[in-house]
Amino acid sequence: MPVSPSLQRPLSLPLIAAPMFLISGPELALACCKAGIVGSFPALNQRTSEGFEEWLVQMEHGLAEHQARYPDAPSVPYAVNLIVHKTNPRWQADLALCVKHQVPIIITSLGAASQVVEAVHGYGGLVFHDVTNQKHARKAADAGVDGIIAVAAGAGGHAGTINPFVLVHEIREVFDGTIILAGALSNGEDLLAAQAMGADLCYMGTRFINTTESLAEKAYQHMVIAAVSGDIMYTPAVSGIPASFMRQSLEAAGYPMDKLNQPGAVDYGEKLKPVTDEAKAWKTVWSAGQGVSQITDVVPVATLVERLSQQYRAAKDRLDTL
Ligand SMILES: Cc1cc2nc3c(=O)[nH]c(=O)nc-3n(C[C@H](O)[C@H](O)[C@H](O)COP(=O)(O)O)c2cc1C
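Residues numbered from 1 in each chain as written. Predicted model: local features only at pLDDT ≥ 70, side-chain atom pairs only at ≥ 80, totals over all residues. Heavy atoms only, no water.

## With respect to the side chain of Ser 244
In step 1: You can see Ser 244 is positioned in strand β10 (residues 243-246).
In step 2: Accessibility expressed as a relative area gives 2% for Ser 244, which makes it buried.
In step 3: From its side chain, Ser 244 meets the backbone oxygen of Ala 155 in a polar contact 2.7 Å long.
In step 4: Ser 244 has contacts with Ala 155, Gly 156, Gly 157, Ala 159, Ile 232, Met 233, Tyr 234, Ser 287 and Ala 288, leaving out every residue within four places of it along the chain. (Helix = DSSP H or I, 4+ residues; strand = E, 2+ residues; numbered from the N terminus. Buried < 20%, exposed > 50% of the residue type's maximum accessible area, 1.4 Å probe, protein only. Polar contact = N/O pair within 3.5 Å; in protein donor to acceptor, adjacent residues only side chain to side chain. Contact = heavy atoms within 4.5 Å.)

Structure follows, in structure tokens:
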């Protein structure tokens, strides 16, 4: 399996808790690392680069404290998500902070990853880049990334539209590094299935909205429990870029459901014009992936990871008896 040993060795499961805007911060990321999976957060979840650096220091202290308490346990790396795009004026300052603090894994979305790769490889870090198709995977491979996150159909956030079975194989055709599969993975069995189809690691976002360490408000978490896969609407209506949102949340914001499925540009009226400010958009309408139907509770990360591990082991045992 093409996973860097520095990453594979300490993991209790082949899993990364995905970065989520307005949802993941250091408390969630630290809980993940302590439970043996990669934790992450987007740099932009802090309003300023100064605030972002405080989070990096918090991660370093939290992980060092854990290491001192469990000296024999291997330290699990964490990841930071950088939006490398001209619309994010902070990305170079935030990258400089990642270099200063030697953040173990940088997750990039959009934009040219090559500048990030050079800076991060300079201190021995890893770069993972998320894509939704083979064309972008090829670009990321050319930029020298260590891992490609295959964001398949059904994912939360800016989901892909390609079936995961196809996407993983298409990416493998052009990339021989680490492939991380994303999109509606919710249970331990799903992790094993992803590995069986050729992914090296898995990426779960929506499942981690409903942890006690997430920054999601209670009403958001209740909506995740109530929603089923058919409630997830993949629509550009909210911010102009297609993303997955819960129907209940779109309805509460006043979006007419019949118009959301209409092809082409739709006028929702002045009040519901796509918001160019993504932050504002995601605060008012809540994103989640089709995995919502598998989520029935809010639990601490440690409980969730233990549950996923049991399911993963049970699935392995079941396959052994076939
Ligand atoms: C509420 C929410 C916010 C997200 N914010 C980001 C983000 O800021 N940056 C990013 O790269 N991906 C973001 N994503 C996508 C996730 O990182 C990940 O690709 C996705 O959640 C995986 O699919 P799943 O939710 O079905 O597990 C977000 C997803 C959700 C549900």
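Still more to cover.
## Describing the domain arrangement of the protein chain
In step 1: For the protein chain, the assigned domains are domain 1 (5-211) and domain 2 (228-284).
In step 2: Measuring from the centre of the C-alpha atoms in domain 1 to the corresponding centre in domain 2 gives 27 Å.
In step 3: Taken together, the contact pairs 10 residues of domain 1 with 9 residues of domain 2.
In step 4: The interface formed by domain 1 and domain 2 includes 0 salt bridges.
In step 5: Viewed at the interface, domain 2 and domain 1 are joined by 3 residue pairs in polar contact (both at pLDDT 80 or more).
In step 6: Residue composition of the side of domain 1 that touches domain 2, grouped by class: 4 nonpolar, 5 polar and 1 charged. (Domains from an automatic or database assignment. Salt bridge = Lys/Arg side-chain N within 4 Å of Asp/Glu carboxyl O. Nonpolar A, V, L, I, M, F, W, Y, C, P; charged D, E, K, R; others polar.)

## Details of the packing of aromatic side chains
In step 1: All chains considered together, the criterion is met by 3 aromatic pairs.
In step 2: Between Phe 41 and Trp 55 the ring centres are 5.1 Å apart and the planes differ by 80°, which places this aromatic pair in the edge-to-face class. Highlighted residues: Phe 41 in strand β2 (residues 39-42) and Trp 55 in helix α3 (residues 49-69), separated in sequence by 14 residues. Taken as a pair, Phe 41 and Trp 55 share a single burial class, namely buried.
In step 3: Summarising the aromatic geometry, the rings of Tyr 220 and Trp 286 are spaced 4.8 Å apart at their centres and angled 5° between planes, so their arrangement reads as stacked. Taken together, the positions of Tyr 220 in helix α10 (residues 218-226) and Trp 286 in the loop between α13 (278-284) and α14 (301-320) put the pair 66 residues apart, joining distant regions of the chain.
In step 4: Judged by its relative accessible area of 13%, Trp 286 is buried. (Phe/Tyr/Trp six-rings, centres within 6.5 Å; stacked < 30°, edge-to-face > 60°.)

## A closer look at the environment of Met 204
In step 1: Among the secondary structure elements, Met 204 is positioned in strand β8 (residues 201-204).
In step 2: Each C-alpha atom, one on Met 204 and one on Tyr 234, is 18 Å from the other, the two residues being 30 residues apart in sequence.
In step 3: Those residues in contact with Met 204 that lie beyond four places of it in its chain are Leu 15, Ile 16, Ala 17, Ala 18, Leu 185, Ser 186, Asn 187, Leu 191 and Leu 308.

## Considerations on unusual backbone geometry
Keep in mind that most residues, glycine aside, have a negative phi and that most peptide bonds are trans.
In step 1: Even without being glycine, Leu 22 reaches a positive phi, approximately 65°.
In step 2: Residue Leu 22 is classed as partly exposed on the basis of its relative accessible area, which comes to 28%.
In step 3: Its identity as a non-glycine residue notwithstanding, Ala 184 has a phi of 65°, on the positive side.
In step 4: Within the secondary structure, Ala 184 sits in the loop between β7 (178-182) and α8 (188-196).

## Section: the side chain of Thr 211
In step 1: Mapped onto the fold, Thr 211 is located in the loop between α9 (206-209) and α10.
In step 2: Within polar-contact distance, the side chain of Thr 211 engages the backbone oxygen of Phe 208 at 2.9 Å.
In step 3: Leaving out residues up to four positions away in the same chain, Thr 211 has contacts with Leu 28, Gln 221, Val 298, Val 299, Val 301 and Leu 304.

## Some details on the site of the ligand
In step 1: Around the ligand there are 22 residues in total, and Phe 21, Asn 81, Ala 184, Gly 205 and Thr 206 lie nearest to it.
In step 2: Within the contact set of the ligand, an oxygen atom lies 3.2 Å away from a backbone nitrogen or oxygen of Gly 156.
In step 3: For the ligand, an oxygen atom lies 2.8 Å from a polar atom in the backbone of Gly 205.
In step 4: Here the ligand, which alone exposes 590 Å², has 93% of that area covered by the protein.
In step 5: Residue classes in the shell around the ligand are distributed as 12 nonpolar, 9 polar and 1 charged. (Near = heavy atom within 4 Å. Areas by Shrake-Rupley, 256 points an atom, 1.4 Å probe, with all protein chains shown as cover.)

## Quick word on the pairing of strand β6 (residues 147-151)
In step 1: Buried residues dominate β6, accounting for 5 of its 5 residues.
In step 2: Burial of the side chains of β6 extends over both faces: Gly 147, Ile 149 and Val 151 are buried on one face and Ile 148 and Ala 150 on the other.
In step 3: Looking at chain direction, strand β5 (residues 126-131) and β6 are connected through 4 bridges and run parallel. Its bridge partner lying in β6, Asp 130 is registered against Ile 149.
In step 4: For the handedness criterion, the β-α-β arrangement of β5, helix α6 (residues 134-143) and β6 is classed as right-handed.
In step 5: Of the pairings in the sheet, the one linking β6 to β7 comprises 5 bridges and is parallel in character. Counted as the bridge partner of Gly 147 is Thr 178 from β7.
In step 6: A crossover connection joins β6 to the parallel β7 through helix α7 (residues 164-174); in handedness this β-α-β unit is right-handed. (Pairing = 2+ DSSP bridges. Right-handed = clockwise from strand over helix to strand, strands pointing away.)

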